[in-house]
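# Topology and contacts: notes
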2 protein chains.
Amino acid sequence: MNYPGGVKKNTTKNYGNRGMSLEEDINLTNQYYLNNNIAVIYKKPVPISVRKVDYKSRNDALIKEAMFLVPSTTDYNGLYKGCYIDFEAKETKLNNLPLSNIHKHQINHLKNIEEHKGISFIIVRFVLKDITFLLETKHLINFIDSETRKSIPFEYFNKYGYIINMKYTPRLDYLEVLRIIRSELK
Amino acid sequence: MNYPGGVKKNTTKNYGNRGMSLEEDINLTNQYYLNNNIAVIYKKPVPISVRKVDYKSRNDALIKEAMFLVPSTTDYNGLYKGCYIDFEAKETKLNNLPLSNIHKHQINHLKNIEEHKGISFIIVRFVLKDITFLLETKHLINFIDSETRKSIPFEYFNKYGYIINMKYTPRLDYLEVLRIIRSELK
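Summary of the structure given here.

About the cut-offs
- Residues numbered from 1 in each chain as written.
- Chains lettered and ligands numbered in written order.
- Predicted model: local features only at pLDDT ≥ 70, side-chain atom pairs only at ≥ 80, totals over all residues.
- Heavy atoms only, no water.
- Helix = DSSP H or I, 4+ residues; strand = E, 2+ residues; numbered from the N terminus.
- Buried < 20%, exposed > 50% of the residue type's maximum accessible area, 1.4 Å probe, protein only.
- Polar contact = N/O pair within 3.5 Å; in protein donor to acceptor, adjacent residues only side chain to side chain.
- Contact = heavy atoms within 4.5 Å.
- Pairing = 2+ DSSP bridges.
- Axes fitted to C-alpha atoms, helices over the stretch in contact; angles between N-to-C directions.
- Phe/Tyr/Trp six-rings, centres within 6.5 Å; stacked < 30°, edge-to-face > 60°.
- Least-squares fit on C-alpha atoms with pLDDT ≥ 70 in both.
- 1 Å grid on protein atoms, 1.4 Å probe; cavity = no way out; pocket = protein on both sides within 12 Å on 5 of 7 lines; lining within 4 Å.
- Points joined across faces, edges and corners; volume = space filled by probe spheres on them.
- Patch = residues over 30% accessible without salt bridge, like charges linked within 9 Å, V, L, I, M, F, W, Y side chains within 5 Å.
- Areas by Shrake-Rupley, 256 points an atom, 1.4 Å probe, with all protein chains shown as cover.
- Salt bridge = Lys/Arg side-chain N within 4 Å of Asp/Glu carboxyl O.
- Parallel < 35°, antiparallel > 145°, perpendicular 65-115°, else oblique.
- Left-handed = near helix turned anticlockwise from the far one by under 90°.
- Nonpolar A, V, L, I, M, F, W, Y, C, P; charged D, E, K, R; others polar.
- Buried area = accessible area lost by both parts, 1.4 Å probe.

Attention now goes to the side chain of T74 of chain B. Residues and elements named next belong to chain B. Following the sequence through the fold, T74 ends up in the loop between β3 (60-68) and β4 (76-80). Looking at T74, the relative accessible area reads 2%, which means it is buried. In this structure the side chain of T74 is engaged in a polar contact, spanning 2.3 Å, whose partner is the side chain of D86. In contact with T74, other than residues within four places in its own chain, are K44, D86, F87, E88, Q106, H109 and L110.

In this section: the sheet that holds strand β5 (residues 83-92) of chain B. All names here are of chain B. Reading across from one edge, β1-β4-β5-β7-β8-β10 is the order of the six strands in this open sheet, with mixed pairing throughout. Each of the sheet's edge strands pairs with one partner strand only, and the pair in question is β1 (40-43) and β10 (162-163). Direction of pairing for β5 relative to strand β7 (residues 119-126): parallel, over a ladder of eight bridges. Of the residues in β7, the one forming a bridge with F87 is F121. With respect to the sheet, helix α3 (residues 137-146) is in contact with β7 and β8 (131-136), its orientation differing from that of β8 by roughly 85°.

Residue and element names in this part refer to chain B. Residue position: H139 is located in helix α3. What makes H139 buried here is its relative accessible area of 14%. In contact with H139, other than residues within four places in its own chain, are Y156 and Y160.

On to the packing of aromatic side chains. Evaluated as defined, the whole model comprises 27 aromatic pairs over all chains. Between the aromatic rings of F133 of chain A and F154 of chain A, the centroid separation amounts to 5.6 Å while the plane-to-plane angle is 70°, which identifies the pairing as edge-to-face. On the criterion of sequence distance, the pair formed by F133 of chain A in strand β8 (residues 131-136) and F154 of chain A in helix α4 (residues 154-160) is long-range, its members being 21 residues apart. Each member of the pair, F133 of chain A together with F154 of chain A, is buried. Aromatic side chains F126 of chain B and F157 of chain B sit 5.4 Å apart centroid to centroid with 75° between the ring planes, which places their arrangement in the edge-to-face category. In this pair, F126 of chain B is assigned in strand β7 and F157 of chain B in helix α4 (residues 154-160), connecting sequence segments 31 residues apart. Note on accessibility: F126 of chain B and F157 of chain B belong to one class, buried.

In screw terms, the move from chain B to chain A is a rotation of 180° and a rise of 0.0 Å along the axis, fitting with an RMSD of 0.0 Å. The transformation just described matches what one would write down for a two-fold rotation axis. In this assembly, 100% of the residues forming the interface of chain B have copies in chain A that are likewise at the interface, indicating an isologous arrangement.

In this approach, a probe sized like a water molecule rolls over the atoms, and the result shows the empty space that is left. Counted according to the given criterion, the structure contains one cavity of 30 Å³ or more. Around the largest cavity, the lining residues are K44, T73, N77, Y84 and H109 of chain A together with V40, Y42, N77 and G78 of chain B. When residues of the lining of the largest cavity are traced back to their parent elements, those giving at least two are β1 and β4 of chain B.

What follows covers a nonpolar patch on the surface. Taken together, the side chains of V46 and F68 of chain A together with V50 of chain B define a hydrophobic patch exposed on the protein surface, amounting to about 210 Å² of accessible area. By the secondary structure assignment, V50 of chain B is in strand β2 (residues 48-57). Judged by relative accessible area, which is 34%, V50 of chain B ranks as partly exposed.

Attention shifts here to the packing of helix α2 (residues 104-115) of chain A against helix α3 (residues 137-146) of chain A. The relative placement of two packed helices comes down to the angle between their axes together with the axis-to-axis distance. All names here are of chain A. Here α2 crosses α3 at 130°, and the two axes come no closer than 10 Å. It follows that α2 is oblique to α3 by the angle criterion. The way α2 lies across α3 gives a crossing that is left-handed. In contact with I107, L110, K111 and E114 of α2, α3 contributes T137, L140, I141 and I144. Residue classes in the contact of α2 with α3 are distributed as five nonpolar, one polar and two charged.

With that settled, consider the interface of chain B and chain A. Contacts between the two partners involve 38 residues from chain B, matched on the other side by 38 residues from chain A. When residues of chain B are sorted by the area they lose upon contact with chain A, I63, L79 and H116 of chain B head the list and together hold 21% of the total. On the surface where chain B and chain A come into contact, there are zero salt bridges. On the surface where chain B and chain A come into contact, there are seven residue pairs in polar contact (both at pLDDT 80 or more). Elements supplying a minimum of two residues to the side of chain B that touches chain A: β1, β2, β3, β4 and α2 (104-115) of chain B. Tallying contributions element by element places β3 of chain B first for the side of chain B that touches chain A, with nine residues. Taken together, the residues of the side of chain B that touches chain A sort by class into 20 nonpolar, ten polar and eight charged. As defined by bridge partners, strand β3 (residues 60-68) of chain A adjoins β3 of chain B across four bridges and the pair is classed as antiparallel.

Here you go:
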């Protein structure tokens with residue numbers, strides 16, 4: 001098995017979730033999809049604004065000052081069976097997902113994707129319960145449009161989301177869920 | 001007209017190419033596509049590896065040391081009429097495009113996209129001639145597989161590529177070219 005740069009190898013024999021972040025699980029899963037020619041899905045780099053750079057040589061530049069920027073889109077996108085896939089992933093240690101965790105333009109972006117015939121969703125892990133859900137954008141939007149609460153409760157995910165089971169490999173097979181719920185992928 | 005963050009406003013009345021980089025033209029074009037609900041295509045952030053961060057406050061982190069990473073994919077991707085779009089853009093001041101300008105894994109990525117039923121290509125501007133071409137991945141791969149030369153000559157683009165005309169708005173309407181050459185978009 002290949003481990004992509006920056007992803008820590010799971011050295012324990014515990015294949016459950018403990019010790020691995022949601023981001024690590026998704027990165028390993030995407031690497032599995034890529035290695036097995038199933039899908040081409042990547043995490044986007046974190047957007048930054050570079051202010052000062054030291055050019056030691058042409059290929060050896062060191063950034064001396066930069067700022068993190070608010071992302072205008074989501075963290076992950078790619079291609080599966082001819083379909084454009086786009087999603088954001090969040091972990092929460094609470095019994096709900098605070099909406100402040102998702103930027104407004106990210107929600108607009110997810111909406112945009114569905115309007116242009118792509119597939120968009122969020123993946124949310126409830127860390128203390130060790131349960132990971134896939135929630136389609138339409139249900140995210142429905143909640144935002146019909147509720148005044150500032151967080152989405154666990155129960156909403158339990159009702160409208162789909163549990164993504166943890167496996168040995170791929171660790172978090174979210175495409176399996178999509179194949180079941182999206183007619184384009186059947 | 002809205003100008004996205006980081007894109008310089010063209011303050012001259014010269015609507016030709018001079019003074020605007022290929023990247024600026026593509027960013028303005030993508031912004032136009034987005035504003036007019038035509039397509040959702042973004043430039044990916046430059047990948048970096050952050051080494052040192054000063055956390056002044058929770059929302060005010062200053063990166064004090066970071067390195068640029070070699071990108072594993074292309075600069076631009078997105079969604080148009082339900083189709084996944086993916087491309088790399090390059091400028092050259094020569095009469096050819098040195099293949100060293102495109103990383104091997106970027107070429108593999110472009111190939112991967114076509115295999116998974118996406119649409120991939122490169123956009124190449126010959127700066128001194130002020131001509132911008134769209135070259136489909138199949139022709140890029142054909143050149144690499146059949147030639148031993150380390151650069152793609154202008155003549156190859158002239159034969160197998162499609163000229164993208166500069167307009168007032170959108171500046172570089174590459175989707176117009178795709179509508180003509182790709183049956184999925186007709």
